[in-house]
Amino acid sequence: VYSPSVATRLAEVSMKVNDPKETLGLADVYDTLQDAIWSEAKTGQETSLIRRNLQREQLRRMIDVLVKPAGPWPADARSIMRENARQLVSVLEKANTKAGLSKTTRAHYADALDTLNASLKASMQRATP
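Residues numbered from 1 in each chain as written. Predicted model: local features only at pLDDT ≥ 70, side-chain atom pairs only at ≥ 80, totals over all residues. Heavy atoms only, no water.

A word on the pattern of salt bridges
- Taken as a whole, this structure holds six salt bridges when the rule is applied.
- Of the charged contacts in the structure, one is a salt bridge between Glu-57 and Arg-60, with a shortest N-O distance of 2.4 Å. Pair noted here: Glu-57 and Arg-60 are both in helix H4 (residues 49–67), with a separation of three residues, about one helical turn.
- Glu-57 gets classed as partly exposed once you look at its relative accessible area, which sits at 30%.
- Its relative accessible area of 41% is what places Arg-60 among the partly exposed residues. (Salt bridge = Lys/Arg side-chain N within 4 Å of Asp/Glu carboxyl O. Helix = DSSP H or I, 4+ residues; strand = E, 2+ residues; numbered from the N terminus. Buried < 20%, exposed > 50% of the residue type's maximum accessible area, 1.4 Å probe, protein only.)

Structural notes on helix H2 (residues 26–37)
- Along its twelve residues, H2 runs 17 Å from first to last C-alpha, staying within 8% of the 16 Å computed at 1.5 Å per residue.
- Here H2 has its buried residues at Leu-26, Val-29, Tyr-30, Gln-34 and Ile-37. One face of H2 carries all of its buried residues, which in axial projection span an arc of 120°.
- The secondary structure elements touched by the buried residues of H2 are helix H1 (4–12), helix H3 (39–43), H4 and helix H5 (75–95). (Expected span 1.5 Å × (residues − 1). Arc of directions from axis to C-beta. Contact = heavy atoms within 4.5 Å.)

Considerations on the packing of H2 against H5
- At a closest axis distance of 10 Å, the pairing of H2 and H5 adopts a crossing angle of 30°. One element, H2, and the other, H5, form an angle in the roughly parallel class. Judged by the sense of rotation from one axis to the other, the crossing of H2 with H5 is right-handed. Contact residues: Leu-26, Ala-27, Tyr-30, Asp-31 and Gln-34 in H2; Asp-76, Ala-77, Ile-80, Met-81, Asn-84, Gln-87 and Leu-88 in H5. (Axes fitted to C-alpha atoms, helices over the stretch in contact; angles between N-to-C directions. Parallel < 35°, antiparallel > 145°, perpendicular 65-115°, else oblique. Left-handed = near helix turned anticlockwise from the far one by under 90°.)

Side note on helix H6 (residues 103–121)
- Across its 19 residues, H6 extends 27 Å between first and last C-alpha, which sits within 8% of the 27 Å expected from 1.5 Å per residue.
- Taken as a whole, H6 has its buried residues at Thr-105, His-108, Tyr-109, Ala-112, Leu-113, Leu-116 and Ser-119. Seen along its axis, H6 keeps its buried residues to an arc of 135°; they face one direction. Turned more than 90 degrees from where H6 packs its buried face, Lys-103, Asp-114 and Lys-121 sit exposed.

Rendered as structure tokens:
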């Protein structure tokens, strides 16, 4: 799902139908994925090893889009991912204040938070025309 070709198709789907409100758009897909992948952080629950690995992979793919040259990615995909990264920062900040989380889960959330903050502060590399 995190590929330029899928992002392009999802970004353009609303132009190909009579009622764009009845389509599944790019923001819908990215929001649903992020909510599902980071559900433990949103609810303040413990995160298993397999879920932490899934979260790391989603984070890696998001960061790749945010800091690498634009290339074939639609501008809307990049801006939605940037906004989702900001939202995830908020979720992780709240999650790390929850009592009862293991040191491993806290460290995972803190590491993800550091990675997101660094990526959001980094200068975005723009593709040259």
